[in-house]
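Now for the letters of each chain:
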Amino acid sequence: MNKAFCKEPDSTLPPRCPKCGNDGAQVSIQTLLGHVQAQDAQSLGEPAYCCTTDSCDIAYFDLLERSIGLAAATHFFWPKDLAGPLCSCHGLTCDDIDLDLAEGTPTRVRAVVQQAGLPGADCAIRSADGRSCVGRVQRYYMRRKTGA
Ligand SMILES: [Zn+2]
């Protein structure tokens, strides 16, 4: 049996984006439907993957290298959508983080991290990569804080 066609993904071997070649993040069909048209979602096989590379214009792809471009996707997160929020679930943006840094207390970041850990947080559906936004928020915060 060819593992690539099993329903269960082989977690030791994440598939690569057909355009940028980076590992994808597996997403559920609910996540996919939250960000693309139903007919586009149906053009991909399961499991589908989100390309999380900042500069790549591929939104989703599957094991057979079929893909959906960013232009056909909605509600993507920054920086894939430069006008998008860092946290799709709570609407936290880069500007909010800059405000936190200007004030010297990460009030907004802390609130999001706390909320994301609560039951009922629906990051997995609202975030385009099907993952909690906390990692992305923290990464951006540290990047701005250290000036890197
Ligand atoms: Zn890519």
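My aim in this report is to walk through the structure given alongside it, one point at a time. The structure displayed is predicted, hence computed values, not measured ones.

Side note on the nonpolar core
With 32 residues, the main nonpolar core has Cys50, Ala59, Tyr60, Leu86, Cys87, Cys133 and Val137 as its most contacted residues. At the level of secondary structure, the elements contributing two or more residues to this core comprise strand S2 (48–51), strand S3 (58–62), helix H4 (107–116) and helix H6 (134–146). If we ignore the near neighbours within four places in the chain, the residues touching tyrosine 60 are Val27, Leu32, Val36, Leu44, Ala48, Tyr49, Cys50, Ser67 and Ile68.

Thoughts on unusual backbone geometry
Across the junction of glutamate 46 and proline 47, the peptide omega takes the value 0°, indicating a cis bond. With respect to the helices and strands, the residue proline 47 is situated in the loop between helix H2 (38–42) and S2. Following tryptophan 78, the chain continues to proline 79 via a peptide bond in cis, the omega torsion being 0°. By secondary structure assignment, the location of proline 79 is in the loop between strand S4 (67–69) and helix H3 (94–103). Not every positive phi belongs to a glycine, and glutamate 65 is a case in point at roughly 65°. Structurally, glutamate 65 is set in the loop between S3 and S4. Under the C-beta neighbour-count criterion, glutamate 65 is labelled exposed, with 11 such atoms within 10 Å. If you check the backbone angles, histidine 75 has positive phi at about 55° while not being a glycine. Within the secondary structure, histidine 75 sits in the loop between S4 and H3. Since 14 C-beta atoms lie within 10 Å of it, histidine 75 is described here as partly exposed.

A closer look at H6
Note on helix geometry: an α-helix contains 3.6 residues per turn, so any two residues three or four positions apart are oriented the same way. When the terminal C-alpha atoms of H6 are compared, their 18 Å separation across 13 residues agrees well with the 18 Å that a helix rising 1.5 Å per residue should span. Burial in H6 covers these residues: Val134, Arg136, Val137, Tyr140 and Tyr141. When H6 is viewed along its axis, its buried side chains cluster within an angular range of 165° and face the same direction. Of the exposed residues in H6, the ones pointing more than 90 degrees away from its buried face are Gly135, Arg139, Met142, Arg143 and Thr146. Those residues of H6 that are buried lie in contact with H3 and H4. Phi turns positive one or two residues past the end of H6, at glycine 147, with a value near 75°.

What to know about the packing of H3 against H6
Remark: H3 packs on H6, axes separated minimally by 10 Å, with the N-to-C direction vectors making an angle of 50°. With respect to their mutual orientation, H3 and H6 come out oblique. Judged by the sense of rotation from one axis to the other, the crossing of H3 with H6 is right-handed. Here H3 contributes Cys94, Ile97, Asp98 and Leu101 to the contact with H6, which in turn contributes Tyr140, Tyr141, Arg144 and Lys145.

Reading guide: rules and limits
- Residues numbered from 1 in each chain as written.
- Predicted model: local features only at pLDDT ≥ 70, side-chain atom pairs only at ≥ 80, totals over all residues.
- Core = buried A, V, L, I, M, F, W, Y, C linked by C-beta atoms within 7 Å.
- Buried ≥ 20, exposed ≤ 12 C-beta atoms within 10 Å, placed from the backbone.
- Helix = DSSP H or I, 4+ residues; strand = E, 2+ residues; numbered from the N terminus.
- Contact = placed C-beta atoms within 7 Å.
- Expected span 1.5 Å × (residues − 1).
- Arc of directions from axis to C-beta.
- Axes fitted to C-alpha atoms, helices over the stretch in contact; angles between N-to-C directions.
- Parallel < 35°, antiparallel > 145°, perpendicular 65-115°, else oblique.
- Left-handed = near helix turned anticlockwise from the far one by under 90°.

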